[in-house]
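# Chains, contacts and geometry: an overview
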Amino acid sequence: MKKRISRRTAFLRIAGLGAVASAEKSFGFLGLFGGKKKGLEPDTQGRVILSLNDEKYRQLKNNGTSVKIDVKGKGKPLIVIRRDEHTVLTLSSKCTHLGCEVASPQNGTLICPCHKSKFTTDGTVIKGPAKRNLEKFRTEADNDTITIFL
Ligand code: FES
C-alpha cells in the first residue's frame, strides 16, 4: 500500500535535494552528479594542448584575457591567463585556504568568493586568509597553441 505524503513534505524533500545538489556543485565533494568530472584528457606526457584556432580558446591570443578549463584528474578548473604577448600562465582555481573555486581575474587580481582571499595573476597571495600561492603549471605558447604541463 502506497504511503501518501503532504505537499509540504514533498516540497521539503525536493528542497533538500536541491541543497545537496548546490553543495555538490560548489564543493564537488560528493561525486554524486555526473560521475567522474568531464574535462580535457592530458596526453601520455601529461600535457594539455589548446589550439588557439579553436573558438573556445581563441580569445587567449589577446593580452589580459583568461579562460577556465576543466582537466580530468584536477578537482577544480585551471585558469589559463594571457598576461602579455610573451607570457601565458596557468593556475589552479583551487583556493589554498579551504579549496573553493577562485574567480577568473578581474582588474589584475583573482578573488576567492568564500572568504575573499586575493591573488595576483601569477598566483601570489596578496590577502588572506589563504597563506599559500595558487598552484601554478608550466605553460608554453606559440602563435597557434598553448601547452600546459601538468
Ligand atoms: S576558501 Fe578561499 S578564502 Fe577561504
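Parameters at a glance
Residues numbered from 1 in each chain as written. Predicted model: local features only at pLDDT ≥ 70, side-chain atom pairs only at ≥ 80, totals over all residues. Helix = DSSP H or I, 4+ residues; strand = E, 2+ residues; numbered from the N terminus. Buried ≥ 20, exposed ≤ 12 C-beta atoms within 10 Å, placed from the backbone. Contact = placed C-beta atoms within 7 Å. pLDDT = per-residue confidence, 0-100. Pairing = 2+ DSSP bridges. Axes fitted to C-alpha atoms, helices over the stretch in contact; angles between N-to-C directions.

### Side note on the overall build of the chain
Helix and strand content of the chain: 1 helix and 9 strands. Scanning the chain from its N terminus toward the C terminus, one meets helices and strands in the order α-β-β-β-β-β-β-β-β-β. Put simply, the chain has 150 residues, and 24% of those count as buried. Long-range pairs, those at least 24 residues apart, make up 39% of the contacts in the chain between residues at least 6 apart in sequence.

### Quick word on the confidence of the model for the chain
The predicted model of the chain has a mean per-residue pLDDT of 83, with 75% of residues at 70 or higher. Predicted confidence for residues 8-12 stays below pLDDT 50, and this span has 1 contact to residues more than four positions away or in other chains. Predicted confidence is poor over residues 14-35, with pLDDT under 50, and the contacts of this stretch with residues over four places away or in other chains come to 5 contacts.

### Quick word on the environment of Ile81
Along the polypeptide, Ile81 turns up in strand E3 (residues 78-84). Taking the C-alpha atoms as reference points, Ile81 and Thr139, 58 residues apart in sequence, are found 9.9 Å from one another. The contacts of Ile81, once residues within four sequence positions are left out, are Ser66, Val88, Leu89, Leu91, Pro105 and Thr121.

### Considerations on the pairing of strand E4 (residues 87-92)
In summary, the side chains of a regular strand alternate between the two faces of the sheet. Here E4 lies mainly inside the structure; 5 of its 6 residues are buried. For E3 and E4, the ladder comprises 6 bridges, and the chain directions are antiparallel. Within E4, the residue paired with Leu78 across the bridge is Ser92. The turn linking E3 back onto E4 is made up of 2 residues.

### Thoughts on the sheet that holds strand E8 (residues 136-141)
The strand order E1-E9-E8-E4-E3-E2 describes an open sheet built from 6 strands, whose pairing is antiparallel. Single-partner strands in this sheet number two, and they are strand E1 (47-51) and strand E2 (65-69). Strand-to-strand twist in this sheet, taken as the mean axis angle between neighbours without regard to direction, amounts to 25 degrees. Bridge count for E1 against strand E9 (residues 145-149) is 5 bridges, and the pairing is antiparallel. Across the sheet, residue Ser51 finds its bridge partner in E9, namely Thr145.

### Overview of the pairing of E9
Burial of E9 is one-sided: the residues Ile146 and Ile148 facing one way are buried, the residues Thr145, Thr147 and Phe149 facing the other way are not. Where E8 meets E9, 4 bridges bridge the pair, whose relative direction is antiparallel. Counted as the bridge partner of Ala141 is Ile146 from E9. Hairpin connection from E8 to E9: 3 residues lie between these consecutive antiparallel strands.

### What to know about the sheet that holds strand E6 (residues 118-120)
For sheets, the rule is that strands pair by backbone hydrogen bonds, running either parallel or antiparallel. Spatially, the 3 strands line up as an open sheet ordered E5-E6-E7, and their pairing is antiparallel. Each edge of the open sheet is held by one strand with a lone partner, namely strand E5 (109-111) and strand E7 (125-127). Geometrically, the sheet is characterised by an average inter-axis angle of 35 degrees between neighbouring strands, direction not taken into account. Relative to E6, E5 runs antiparallel, the two being bridged by 3 bridges. The residue bridging Thr109 from the neighbouring strand is Thr120, located in E6.

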